[in-house]
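# Chains, contacts and geometry: an overview
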Amino acid sequence: MPDDLASRTSSRRTFLKQAGSALTVGAIGAPAILFPRRKTLGVALCGLGTYSTTQLAPALQDTEHCALRGIVTGSPEKVPRWQRQYDIPDRNVYSYETLPDIANNDDIDVVYIVTPPGVHARDAIKAADAGKHVWCEKPMAMDEAECRSIIDAADHNGVQLTVGYRLQHEPNNRTIMRYARERTYGAVTSVRTGAGYSGAHPNPDDWRRDADLGGGALYDMGVYPINAARYATGREPTAVKGRLWSERDEMYSEVPEFATFELRFPDGVTARGETSFGKATNYLDVECTDGSYQLRPFQTYSGVRGRTSDGTRLPPAGRDQQARQMDNDARAVLDDTTPIVPGIEGLADIRIVRAIMESSENGQQWVEV
């Protein structure tokens, strides 16, 4: 057997053995770490599902300030292909149980959490305790307590935490934020927004069908219109009401297939939103005292475009959204500046998600947030 093949085979056997025994995070004990200033940050993707495979890993090939240097997975059968495709050495391959060992790896500066939402806190805290910066995919976690535990872990270990809201890096969505901030068309009076798709998840093991893992349309897609309502108004809601339901109980008996909600902001501003697994919706419409504007679509991976009431066109901006997001987040680390989407953004949305759930359980009553 060639030496390199023997090494890889031995490594995969070690991976399987180690994956069966958890290591305690506290055993590692990582103080705040000062990373050397350099142009490129090493990123490890934690979770090798569809989003990592089809979006993040390819996007990392187009970034200026970061590079894919490691992987963390609970599926050792995926390891050989990722190693071949992205030239990842054995020393940069981890299981979820051995993730704390990444503290000793200078190749890795950032761990990007792309596991199901129900285990985001588990993995993000391990990464932060290992002294690595944390990029956490949306939704940030399951509830406010988990979100705060991630924020506290990042603060305690002196690392940056950012949430993967790619749309807050997308130029046309950023224009919407600027319109609200500068009152380009007057004060915002109302918002209508929706994000969902007409599809199905027939695999009973799909995490999107599992309530404990953060499944359901509200967690998976609903944070897009919730986040959009907040950045389109530049305000935080004071009260929320909503309704959750499913129509295909054979797939979505544990989680909501559909959700509608209303957010009440100060000064009478309102936002209505919707999300689903059974209806295609993709819009952000904003009414103001002196005009209006919209993005349709507003949250696709490409082709986000819009127009305003005075005829201004917002054409697609080009460039991969995920590459733009990760470069922006890398620059924040390298320059030691606040990231565009800090952890508090993810917490704000999860607080609203939980309020919508509470409202739906109580006859769609208004819930203060």
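Conventions and cut-offs
- Residue numbers restart at each chain and count upward from 1, following the sequence in its written direction.
- In view of the model being predicted, local features appear only for residues whose pLDDT reaches at least 70, and side-chain atom pairs are presented and counted only at 80 or more, with totals across whole chains, interfaces and linings using the full set of residues.
- Only hydrogens and water are set aside; all other atoms, that is, all heavy atoms of the structure, feed into the side-chain values.
- Here a helix means four or more residues in a row that DSSP labels H or I, a strand means two or more in a row labelled E, and each is numbered from the N terminus.
- Each residue carries a pLDDT value, the predictor's own confidence for that position, ranging from 0 to 100.
- Only heavy atoms matter for contacts: two residues are in contact if any of them lie within 4.5 Å across the pair.
- What counts as an axis is a line fitted to C-alpha atoms, over the stretch in contact for a helix, and the angles between N-to-C directions run from 0 to 180 degrees.
- Any angle from 65 to 115 degrees is called roughly perpendicular, while one under 35 is roughly parallel, one over 145 is roughly antiparallel, and all others are oblique.
- By the convention adopted, Pro, Cys, Tyr, Trp, Phe, Met, Ile, Leu, Val and Ala count as nonpolar, Lys, Arg, Asp and Glu as charged, and the other residues, Gly among them, as polar.
- Note on exposure labels: buried denotes an accessible area under 20% of the residue type's maximum, exposed denotes more than 50%, and partly exposed covers the range between, all computed with a 1.4 Å probe on protein chains only.

## Re unusual backbone geometry
That bond from Lys138 to Pro139 is cis: its omega, -20°, falls within 30 degrees of zero. Here the amide bond leading from Arg296 into Pro297 is cis, since omega sits at 0°, within 30 degrees of zero. For Pro297, the location among the structural elements is in the loop between strand S12 (291–295) and strand S13 (306–308). The phi dihedral of Arg183 falls on the positive side, at around 55°, and the residue is not glycine. Of note, Arg183 is situated in the loop between helix H6 (171–182) and strand S7 (188–198). In the Ramachandran plot, Gln364 falls in the positive-phi region, its phi being about 60° despite a non-glycine side chain. Residue position: Gln364 is located in the loop between helix H11 (343–361) and strand S15 (367–368).

## Overview of the confidence of the model for the protein chain
In the predicted model, the protein chain carries a mean pLDDT of 92, and the fraction of residues at 70 or more is 90%. With pLDDT under 50 throughout, residues 1–33 is counted as low confidence; its partners more than four residues away or in other chains account for 41 contacts.

## A word on the packing of helix H4 (residues 120–129) against helix H5 (residues 144–157)
Direction vectors running N to C along H4 and H5 enclose 5°, while the axes themselves pass 9 Å from each other. Classified by the angle their axes make, H4 and H5 are roughly parallel. Residues His120, Ala121, Ala124, Ile125, Ala128 and Asp129 of H4 lie in contact with H5, whose contacting residues are Glu146, Ser149, Ile150, Ala153, Ala154 and Asn157. For the contact of H4 with H5, the per-class residue count stands at 7 nonpolar, 3 polar and 2 charged.

## So, the environment of His156
When you line up the elements, His156 lands in helix H5. Judged by its relative accessible area of 66%, His156 falls in the exposed class. Remark: the alpha-carbon pair of His156 and Asp129, spanning 27 residues in sequence, is separated by 8.3 Å.

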